[in-house]
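# Structure at a glance
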Amino acid sequence: MSRYVLPVSALGTVVGGAVLLKDHVAGGACPSKATIHGKTVIVTGANTGIGKQTALELAKRGGNIILACRDMEKCEAAAKDIRRETLNHHVNARHLDLASLKSIREFAAKIIAEEERVDILVNNAAVMRCPHWTTEDGFEMQFGVNHLGHFLLTNLLLDKLKASAPSRIINVSSLAHVAGHIDFDDLNWRERKYNTKAAYCQSKLAVVLFTRELSRRLEGSGVTVNALHPGVARTELGRHTGMHNSTFSSFTLGPIFWLLVKSPQLAAQPSTYLAVAEELEGVSGKYFDGLKEKAPAPEAEDDEVARRLWAESARLVGLEVSHGSSVKAQSLPR
């Protein structure tokens, strides 16, 4: 019998070590226990994956949660799941299609009219490495949804966020931004041969640059904005990469992925942390890798690129910037 003790013990050590390594790589749970009773939270792309888990985590802390999604059937189902699991009945589904400027304006107008306050905006929704699709308004899909859609949404809700200060904006980017480059001559891939990976990286770099410039513009307003890389997670986001259809990826790299890839629950911890942590009050314009602040790519810290991207983004979405920081959306020529 004793001859089995060592092998079993060794197996337990290996398994335990693997679990600890996985948790270390994943970044662990949000350390803050802060609650957000009475606060209104909007989470985009909240019907599945990291967005749904972020909404669930914030619902547990007592917030009034608005799930903003394109697919209302899935969104209603997610809201029902979260209400059941958290016993927080202040969880509601709203329609928002970030690939449509019209939908974004309608969503923002409804929020402004019906909600007394907006305390936390989590710009989570994303498209990753899809085919060469375009949005309703003709933008390259990844740039249009990941950056331009959230750019317009955030600007339209700024007055409400300021009136609710101290308030927070969380922009979900990606480590992929380090491989990105903003091509001002062809932001929407109309001239170049389409490269879906490069387009994704550009869109996520744009998110970090947007965060930097928005933070500068919001100084003294009581509204903070930060960007983050949540980690690589097991979600539907990677459905266009082909990874899940590859026998090599599934069987040869499976054990490595198990160690490195987060569950949606763990991947939601950085967004939760940035949304609620008391120690982050007043912290703005930063980039977080998981739960730790980190310097982003050099281009993401270029203030001139950030200002130029803001101006071009405002032009593309038809945003008129008036004196102060109030904004309104104009109709775009079609």
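Conventions adopted
- Residues numbered from 1 in each chain as written.
- Predicted model: local features only at pLDDT ≥ 70, side-chain atom pairs only at ≥ 80, totals over all residues.
- Heavy atoms only, no water.
- UniProt positions renumbered as here; feature names shortened; annotations may be inferred.
- Helix = DSSP H or I, 4+ residues; strand = E, 2+ residues; numbered from the N terminus.
- Buried < 20%, exposed > 50% of the residue type's maximum accessible area, 1.4 Å probe, protein only.
- Contact = heavy atoms within 4.5 Å.
- Areas by Shrake-Rupley, 256 points an atom, 1.4 Å probe, with all protein chains shown as cover.
- Core = buried A, V, L, I, M, F, W, Y, C linked by side-chain atoms within 4.5 Å.
- 1 Å grid on protein atoms, 1.4 Å probe; cavity = no way out; pocket = protein on both sides within 12 Å on 5 of 7 lines; lining within 4 Å.
- Points joined across faces, edges and corners; volume = space filled by probe spheres on them.
- Nonpolar A, V, L, I, M, F, W, Y, C, P; charged D, E, K, R; others polar.
- Disulfide = S-S within 2.5 Å.
- Salt bridge = Lys/Arg side-chain N within 4 Å of Asp/Glu carboxyl O.
- Polar contact = N/O pair within 3.5 Å; in protein donor to acceptor, adjacent residues only side chain to side chain.
- Axes fitted to C-alpha atoms, helices over the stretch in contact; angles between N-to-C directions.
- Parallel < 35°, antiparallel > 145°, perpendicular 65-115°, else oblique.
- Pairing = 2+ DSSP bridges.
- Right-handed = clockwise from strand over helix to strand, strands pointing away.

For the protein, the name recorded in an unreviewed UniProt entry is NADP-retinol dehydrogenase, with Prolemur simus as its organism. Here is the UniProt Pathway (unreviewed entry) comment for the protein, exactly as written: "Cofactor metabolism; retinol metabolism."

## What about the overall build of the protein?
Scanning the protein from terminus to terminus reveals eleven helices and ten strands. Taken across its 334 residues, the protein has 51% of its residues classed as buried. Looking at the protein alone, contacts between residues at least 24 apart form 77% of all its contacts between residues at least 6 apart. Put simply, the protein shows about 16,100 Å² of open surface, and 54% of that area lies on carbon and sulfur atoms.

## Side note on the nonpolar core
Membership of the largest hydrophobic core comes to 52 residues, with the highest contact counts inside it found for Ile42, Ile104, Leu157, Leu161, Ile169, Ile182 and Leu214. Elements represented by at least two residues in this core include exactly β2 (64-69), α4 (101-114), α5 (141-163), α6 (196-217), β6 (223-229) and α11 (303-317). When residues of this core are assigned to their parent elements, the largest contribution, eleven residues, is made by α5. Leave out the neighbours within four places in its chain, and Ile104 touches Leu96, Asp97, Leu98, Gly149, Leu152, Leu153 and Leu156. If you look at the next biggest cluster of nonpolar residues, it comprises 32 residues, including Val41, Ala93, Val172 and Leu274.

## Considering empty space enclosed by the protein
Counted according to the given criterion, the structure contains one cavity of 30 Å³ or more. Approximately 40 Å³ is the volume attributed to the largest cavity. Where the lining of the largest cavity is concerned, the elements lending two or more residues are β5 (167-172) and β6. In terms of residue count, β5 provides more of the lining of the largest cavity than any other element does, three residues in total. Its residues placed into classes, the lining of the largest cavity shows five nonpolar, two polar and one charged.

## What to know about the state of the cysteines
Scanning all chains against the criterion turns up zero disulfides. The thiol of Cys69 is not disulfide-bonded; the next cysteine sulfur, from Cys75, is found 3.0 Å away.

## A closer look at the pattern of salt bridges
One pass over the structure, following the stated rule, counts 14 salt bridges. Measuring nitrogen to oxygen at the nearest pair gives 3.0 Å for the salt bridge that ties Glu115 to Arg94. Of this pair, Glu115 sits in the loop between α4 and β4 (120-123) while Arg94 sits in strand β3 (residues 91-95), placing them 21 residues apart in sequence. For the pair shown, Glu115 and Arg94 are each scored as buried. Taken together, the salt bridges that share partners define one network made up of Lys52, Asp81 and Arg84.

## Let's talk about the side chain of Asn88
Considering the arrangement of structural elements, one finds Asn88 in the loop between α3 (72-86) and β3. Side-chain polar atoms of Asn88 contact the backbone oxygen of Ala59, separated by 3.0 Å. Separated by 2.8 Å, the side chain of Asn88 and the backbone nitrogen of His90 make a polar contact. In contact with Asn88, not counting residues within four places along its chain, are Ala59, Gly62, Gly63 and Arg83.

## Things to note about helix α10 (residues 269-276)
Across the eight residues of α10, eight count as buried, placing the element largely inside the fold. Close packing links the buried residues of α10 with α2 (49-60), β4, β5, β6, α9 (264-267) and β7 (287-289).

## Some remarks on the packing of α5 against α11
Relative orientation of the contacting elements α5 and α11 amounts to 85 degrees, with a least axis distance of 10 Å. When the interaxial angle is binned, α5 and α11 end up roughly perpendicular. Listed contacts from α11 to Phe143, His147, Leu148, Phe151, Leu152 and Asn155 of α5 are Leu309, Trp310, Ser313, Ala314, Leu316 and Val317. The residue inventory of the contact of α5 with α11, partitioned by class, reads nine nonpolar, three polar and no charged.

## So, the pairing of β3
Here β2 pairs with β3 via five bridges, running parallel. Paired with Ile65 across the bridge in β3 is Val91. Assessed by its sense of winding, the connection that carries the chain from β2 through α3 to β3 is right-handed.

## A look at the sheet that holds strand β8 (residues 292-293)
With mixed pairing, eight strands are arranged side by side in an open sheet as β3-β2-β1-β4-β5-β6-β7-β8. In this open sheet, the two edge strands, each paired with only one partner strand, are β3 and β8. Strands β1 (40-44), β2, β3 and β4 of the sheet are contacted by α2, whose axis makes an angle of about 170 degrees with β2. Sitting on the sheet, α4 is in contact with β1, β2 and β3, with an inclination near 140 degrees to β3.

## Quick word on the pairing of β2
For β2, a buried count of six out of six residues is recorded, marking the element as mostly surrounded by other parts of the structure. Of the two faces of β2, both are covered, the one formed by Asn64, Ile66 and Ala68 as well as the one formed by Ile65, Leu67 and Cys69. Looking at chain direction, β1 and β2 are connected through five bridges and run parallel. Note that in β2 the partner of Thr40 across the bridge is Asn64. On the question of chirality, the crossover connecting β1 to the parallel β2 by way of α2 is right-handed.

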